[in-house]
Amino acid sequence: MPLTDMPDFAGIILDDFATRNATRVDTPVILAAEPFLDMAGEDLRRRIFLTENERGESLCLRPEFTIPVCLRHIETATGTPKRYSYLGQVFRQRREGANEFYQAGIEDLGERDAASADARIVADALGCLQKVLPDKAFAVTIGDQAVFEAVVAALGLPAGWQRRLVRAFGQTDLLEAMIARLAKAQPVGGLSPEVELLLDTGDEAGLVTHLTNEMDRTGYLTNASRSPEEIVRRLKEKRLLAGVSLDATKLDALKEFLSINVSLRYAPGVLADFAKSANLPLEKAIEGFDARVAALGKAGASLADITWRAAFGRPLDYYTGLVFEITVRGGHDVLVGGGRYDRMLTLLGAKDHIPAVGFSMWLDRIERSLEVTR
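Conventions and cut-offs
- Residues numbered from 1 in each chain as written.
- Predicted model: local features only at pLDDT ≥ 70, side-chain atom pairs only at ≥ 80, totals over all residues.
- Heavy atoms only, no water.
- UniProt positions renumbered as here; feature names shortened; annotations may be inferred.
- Pairing = 2+ DSSP bridges.
- Helix = DSSP H or I, 4+ residues; strand = E, 2+ residues; numbered from the N terminus.
- Buried < 20%, exposed > 50% of the residue type's maximum accessible area, 1.4 Å probe, protein only.
- Contact = heavy atoms within 4.5 Å.
- Polar contact = N/O pair within 3.5 Å; in protein donor to acceptor, adjacent residues only side chain to side chain.
- 1 Å grid on protein atoms, 1.4 Å probe; cavity = no way out; pocket = protein on both sides within 12 Å on 5 of 7 lines; lining within 4 Å.
- Points joined across faces, edges and corners; volume = space filled by probe spheres on them.
- Nonpolar A, V, L, I, M, F, W, Y, C, P; charged D, E, K, R; others polar.

- Under the annotation held in an unreviewed UniProt entry, the protein carries the name ATP phosphoribosyltransferase regulatory subunit and is attributed to Rhizobium lemnae.
- Taken verbatim from the UniProt record of the protein, the Subunit (unreviewed entry) comment is "Heteromultimer composed of HisG and HisZ subunits."
- The UniProt entry for the protein carries the following comment under Subcellular location (unreviewed entry): "Cytoplasm".

Notes on the sheet that holds strand β7 (residues 138-144)
Okay, step 1: Sheet architecture is open: 9 strands sit in the order β1-β5-β6-β12-β11-β10-β7-β9-β8, paired in mixed fashion. Pairing within the sheet leaves two strands with one partner each, and these edge strands are β1 (23-24) and β8 (261-263).
Okay, step 2: As judged from the 10 bridges shared by strand β5 (residues 82-91) and strand β6 (residues 100-109), these two strands associate in the antiparallel manner. Bridge pairing in β6 links V90 to F101.

Some remarks on the environment of R46
Okay, step 1: Here R46 lies in the loop between α3 (42-45) and β3 (50-52).
Okay, step 2: Exposure remark for R46: the relative accessible area of 46% places this residue in the partly exposed category.
Okay, step 3: Sequence-distant contacts of R46, that is, excluding residues within four places in its chain, are made with Q93 and R95.

Side note on the environment of S277
Okay, step 1: Tracing the backbone through its elements, the reader meets S277 in helix α13 (residues 267-278).
Okay, step 2: Judged by relative accessible area, S277 falls into the exposed class, the value being 54%.
Okay, step 3: With 24 residues separating them along the chain, S277 and A253 place their C-alpha atoms 8.8 Å apart.
Okay, step 4: Of the polar contacts made by the side chain of S277, one reaches the backbone oxygen of F274; its length is 3.0 Å.

Considerations on the layout of surface pockets
Take a probe with the size of a water molecule and roll it over the atoms, and the empty space left behind shows itself.
Okay, step 1: Estimates place the volume of the largest pocket at around 1,200 Å³.
Okay, step 2: Lining the largest pocket are 47 residues, and of these D43, R92, R314, P315 and L316 sit closest to its centre.
Okay, step 3: Among the secondary structure elements, those contributing two or more residues to the lining of the largest pocket are α3, β6, α7 (159-168), β11 (336-340), α15 (344-347), β12 (356-362) and α16 (363-373).
Okay, step 4: When its residues are assigned to classes, the lining of the largest pocket shows 15 nonpolar, 12 polar and 20 charged.

Shown next, in the form of structure tokens:
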């Protein structure tokens, strides 16, 4: 299939989206890079194709649709709830496959019943896949960043460590390294005696003066990406976090949580048992989790075909709750990925809080599954 050709089954997807009360939209191919660099996460940031306009402003080829669809919603001041659908090309560097490929998806904005919206978006993704690949059986893997955040908070870690762990959610190697680090406090190395003394005495003003003089002496000041004041704040936080460790009981609880990998039909009981055995106050997180499971069952989803992996996340920084991926059962290619991103629209400039959830389909991977079927 030539890169510029629309997949043959695109019409099936668009017809299906139309039955799901989703308004089709398109967005520019060349976009301001800043929102993606700020919110998309390191995995996507390093894959973006960047350029500049004549004013030196950073631009990029559209690497995904979620952020531009949300920006379009804000700019057009369309009320919510509102559902959008899209189908078009995206551009990103990939380890495998073409750098220019088609994605389709739905973004569901403004629905206040998060459990129902989550269940509907998973059901929509499965329903559309079944239209395109009617002879396939699918496996769904879900995670929940909100539950992970609740566990980390209940362990009593400093806010800085909580942020680090949350940013690492879904990145197995990085998360394991952080957990290993939390087993033992480690001093910050590489600081000069002068800086160590000023930190020990809490002389923040003296430390700012010292750094300013050093940056001026070395000529670094004119090229500095951070001010002396910001460097001091980061040094203080780094030193604070370096002195933190988790006791063995809490560390074991975190490891136990991340090891959970069960069918969704058993997940509510497993999560409740974990909270009880670890003596962690997770009532609110459990309430939201259980409501979603109930909504998925009500929407007709087969809970036996959905797996909850407590450590499962997706490599985009903007997710806040549900995350999920769908594969052909027994296969490895992710055909659909999505999740909840409740903070994004406010960060993009929306005046009111707008909850949001959505999914994207990789059409080149679906095409490969069709070819195998044929």
